[in-house]
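What follows is the residue order along each chain.
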Amino acid sequence: FERAFDIAAEQQARSLQLRAACSLVTLGTAHGGDVAQSRQLLTNIRERITEGFATPDLMDATRLLQDR
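Residues numbered from 1 in each chain as written. Predicted model: local features only at pLDDT ≥ 70, side-chain atom pairs only at ≥ 80, totals over all residues. Heavy atoms only, no water.

Asker: It is not clear to me how the overall build of the protein chain should be interpreted in this structure. Could you clarify?
Answerer: A tally of helices and strands in the protein chain yields four helices and zero strands. Listed N to C, the secondary structure of the protein chain is α-α-α-α in terms of helices and strands. Whereas a compact globule of 68 residues would reach a radius of gyration of roughly 11 Å, the protein chain reaches 11 Å, a difference of no more than 12%. Its C-alpha atoms give the protein chain principal-axis dimensions of roughly 30 × 25 × 15 Å. Going through the 68 residues of the protein chain one by one, you find that 32% of them count as buried. (Helix = DSSP H or I, 4+ residues; strand = E, 2+ residues; numbered from the N terminus. Rg over C-alpha atoms; globule rule 2.2 N^0.38 Å. Buried < 20%, exposed > 50% of the residue type's maximum accessible area, 1.4 Å probe, protein only.)

Asker: For this particular structure, what's the right way to read helix α3 (residues 36–48)?
Answerer: Since the α-helix turns once every 3.6 residues, residues separated by three or four places project in the same direction. End to end, α3 covers 19 Å across 13 residues, agreeing with the expected 18 Å (1.5 Å per residue, within 8%). Buried residues along α3 sit in contact with α2 (14–30) and α4 (56–66). (Expected span 1.5 Å × (residues − 1). Contact = heavy atoms within 4.5 Å.)

Asker: What should I look at first to understand the pattern of salt bridges in this one?
Answerer: Oppositely charged side chains can pair when the atoms bearing their charge come close. Applying the stated criterion across every chain, the model contains three salt bridges. Note that Arg63 is salt-bridged to Asp60, the shortest N-O span being 2.5 Å. Here Arg63 and its partner Asp60 are both found in helix α4, three residues apart, which amounts to about one turn of the helix. Between Asp67 and Arg63 there is a salt bridge whose closest N-O contact spans 3.3 Å. By relative accessible area, which is 42% here, Asp67 ends up partly exposed. By relative accessible area, Arg63 is classed as partly exposed at 41%. (Salt bridge = Lys/Arg side-chain N within 4 Å of Asp/Glu carboxyl O.)

Note that every value here comes from positions in space, so none of it alone points to a role or purpose.
See the structure below:
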């Protein structure tokens, strides 16, 4: 997922970055890992998205950031 995030960043594909960051947070949470870095990636990309607030991926990102 980290590689997917990097590729999406290179391609300036924010929606794909968002999805990869969500997956990183979910994976880290499921395995009891330290998700601070993944949450920061998700926060950074979430803040740069300016439209499509009702999309499932964006709603999922918002939920993941609220679950602390």
